[in-house]
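# Structural overview
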Amino acid sequence: MEVLTSNDGKEFTSAGRFNMNLRQRDVPINHMVTDDDTATGWNFELIPPQPVKGRYVKYKVETQRYLSITEVQVFDEIKYTPFDLKIALPGN
């Protein structure tokens, strides 16, 4: 899937493509096995090498399989912090 942006809604330029392949993706265990028994989907991120300005956004989808997009979010920045899953033996 490709993201296209435009300032005038007429001429769109590519901001990059999402990597939609889940094979060998580093999915955290706390995302797959939640404490509250909810089922959640994976967030695919597109972080362009340079900031992108635009008033209009289009998504160009060229998939041959089923695709369900429920939300699209845009952030000014993304920060990653380490997650440590503490596992202790019973009785400790």
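None of these values were measured; they are calculated from a predicted model.

Time to look at the sheet that holds strand E1 (residues 2-6). Overall, antiparallel pairing links the three strands, which are arranged E2-E1-E3 in an open sheet. The sheet is open, and its two edges are formed by strand E2 (13-17) and strand E3 (56-60), each paired on a single side. Here the average twist between neighbouring strands, direction ignored, is 25°. Both E1 and E3 contribute to a ladder of five bridges, which runs antiparallel.

If you walk through the whole model with that rule in mind, you get zero aromatic pairs. Over the ring of phenylalanine 12 we find lysine 58, and its NZ or CZ is 4.4 Å from the ring centre.

Further remarks concern the side chain of glutamate 2. Mapped onto the elements, glutamate 2 comes out in strand E1. Looking at glutamate 2, its side chain comes within polar contact range of the side chain of serine 14, at 2.6 Å. Every residue in contact with glutamate 2, bar those within four places of it in the chain, is listed here: Ser14, Gly16, Arg17, Lys58, Tyr59 and Lys60.

Rules behind the numbers
- Residues numbered from 1 in each chain as written.
- Predicted model: local features only at pLDDT ≥ 70, side-chain atom pairs only at ≥ 80, totals over all residues.
- Heavy atoms only, no water.
- Pairing = 2+ DSSP bridges.
- Helix = DSSP H or I, 4+ residues; strand = E, 2+ residues; numbered from the N terminus.
- Axes fitted to C-alpha atoms, helices over the stretch in contact; angles between N-to-C directions.
- Phe/Tyr/Trp six-rings, centres within 6.5 Å; stacked < 30°, edge-to-face > 60°.
- Lys NZ or Arg CZ within 6 Å of the ring centre and 35° of its normal.
- Polar contact = N/O pair within 3.5 Å; in protein donor to acceptor, adjacent residues only side chain to side chain.
- Contact = heavy atoms within 4.5 Å.

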